[in-house]
Amino acid sequence: MKLGGFGFIADYEKISAAGYDYAELDMPEIEALSEEEFKRFREHVEKLGFPVMSGARILPVSTPLFFTDGFRPTDYKHYLIKSCKRAQELGIRKVILGNGKARSLMSEEDIKKENVFIEFMRMLADITGDCCQELILEPLGPKYSNYINTIPEAIRIIEKVGMPNVFTMADLRHMVWSNEPLTNLVTYADYIHHVHMDYPLSYPERKYPELGDDFNYSDFLDILMESKYNDTLTIEAEIPEDWNKAYKQAIVILRNII
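Residues numbered from 1 in each chain as written. Predicted model: local features only at pLDDT ≥ 70, side-chain atom pairs only at ≥ 80, totals over all residues. Heavy atoms only, no water.

Student: Any chance you could break down the packing of aromatic side chains for me, citing the residues and the numbers?
Tutor: For the structure on display, the rule yields 17 aromatic pairs. Both rings, one in tyrosine 12 and one in phenylalanine 41, keep their centres 5.6 Å apart while their planes meet at 80°; by these two values the pair is edge-to-face. With a gap of 29 residues between them, tyrosine 12 in helix H1 (residues 12–18) and phenylalanine 41 in helix H3 (residues 35–48) connect regions that are remote in the sequence. Residue classification places tyrosine 12 among the buried residues on the basis of a relative accessible area of 0%. A ring pair is formed by phenylalanine 215 and tyrosine 217, whose centres lie 5.1 Å apart and whose planes are at 70°; its orientation type is edge-to-face. Considered together, phenylalanine 215 and tyrosine 217 belong to a single accessibility category, that of buried residues. Chaining the aromatic ring pairs together yields one cluster made of Phe66, Phe67, Phe71, Tyr76, Phe117, Phe120 and Tyr147. The lysine or arginine in question, lysine 143, covers the ring of tyrosine 203, its NZ or CZ lying 5.0 Å from the ring centre. We note lysine 207 situated over the ring of tyrosine 199; from NZ or CZ to the ring centre the distance is 4.5 Å. (Phe/Tyr/Trp six-rings, centres within 6.5 Å; stacked < 30°, edge-to-face > 60°. Helix = DSSP H or I, 4+ residues; strand = E, 2+ residues; numbered from the N terminus. Buried < 20%, exposed > 50% of the residue type's maximum accessible area, 1.4 Å probe, protein only. Lys NZ or Arg CZ within 6 Å of the ring centre and 35° of its normal.)

Set out below in C-alpha cells:
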C-alpha cells in the first residue's frame, strides 16, 4: 500500500521530504495556474521525481450546484478538460469528486433532478477516461453533504453512470459520521480504489492521527487489511506545521499495513 499526504503546491516538496510515497494535491489550485506557472511546476515535479498520484476537489465550488435550476453539466466541460489534462501531465491517475456542498440537495424534491448529476458524472468519466484516469466518487458524511453519504449510496450512482473507470473510496471520517459499518470495506472491496484517513472525531478540525488519540484506528485498519485493499491511502487532514512530525505520528499507527 502507498501512503500519501494531502496538501497544496507549496507543500509538495515538504510531503516528499517527510517520507510519503506520493502527494495528493488540490486540483482547482493546479487548474488556476497560468500556463507559465503550470509549466514550471510540472518541470519541478519531473525533476524531483516525487509522484502526484491523486487529485482532490475537482471543482472550486462551495455552494449548491448540481441540483440548482439551470445547471448544465456542459457549462463545466472546458474547465474539467483543462483540469484533467493538467492532472494527467503531473501523473495524477485518481481524480476525486468530493465537493459536498456543490452536490447538496436544497429540498427533498431535488432528488428528482438526479439524472442531471448522472449526466455530469458520465461527462466527467469520459474526460478522465481520455486522460487515463479513474474517477473516484467520494461518500461524505452528513455534516458535509446530504447526498451520497455512504459507500453503498456511491455504488448506486456508479451503477447508474455505467462507466468502466468510475469507482468509490473509503474515508474513515465520513464512515464514522455516517455510522457506516466498517464491514462495507470488505463487502464492496471491488469498488474501493482510494482511502482517506485522519483523526475522525473532531469537527470541523481535521487533525493528523496520533497514537494517543481517543479513537481506535485498529478496527478500521484491520478490516481494511481483511478486504485485501492494496492501493493508495492518503492522510487527508489540515496542513501540519511540521510535516516530518506528522508523518512519524501517522506511520506508527499505519505500520502494520504500509
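After that view, the rundown keeps rolling.
Student: Before we move on, can you summarise helix H10 (residues 243–254) with the specific residues and values?
Tutor: Counted at 1.5 Å a residue, the expected span for H10 with its 12 residues is 16 Å, and the 16 Å between its end C-alpha atoms agrees. Where H10 is concerned, the buried positions are Trp243, Ala246, Tyr247, Ala250, Ile253 and Leu254. Considered in projection along H10, the buried side chains sweep an arc of 125° and stay on one side of the axis. On the buried face of H10, the contacting elements are strand E1 (2–7), H1, strand E7 (192–197), helix H9 (217–226) and strand E8 (232–235). (Expected span 1.5 Å × (residues − 1). Arc of directions from axis to C-beta. Contact = heavy atoms within 4.5 Å.)

Student: Any details on the pattern of salt bridges? Residues and values, ideally.
Tutor: One pass over the full model with this rule turns up 20 salt bridges. The salt bridge partner of arginine 57 is aspartate 26, with a shortest N-O separation of 2.7 Å. Of the two residues, arginine 57 sits in the loop between strand E3 (52–56) and helix H4 (77–90) while aspartate 26 sits in strand E2 (residues 22–26), which places them 31 residues apart along the sequence. Taking relative accessible area as the criterion, aspartate 26 reaches 3% and is therefore assigned buried. Among the ionic pairs, arginine 206 bridges to aspartate 171, the shortest N-O distance being 3.7 Å. Residue arginine 206 is located in the loop between E7 and H9, and its partner aspartate 171 is located in strand E6 (residues 166–171); the two are separated by 35 residues in the primary sequence. (Salt bridge = Lys/Arg side-chain N within 4 Å of Asp/Glu carboxyl O.)

Remember that the coordinates give geometry; whether it matters functionally is a separate question.
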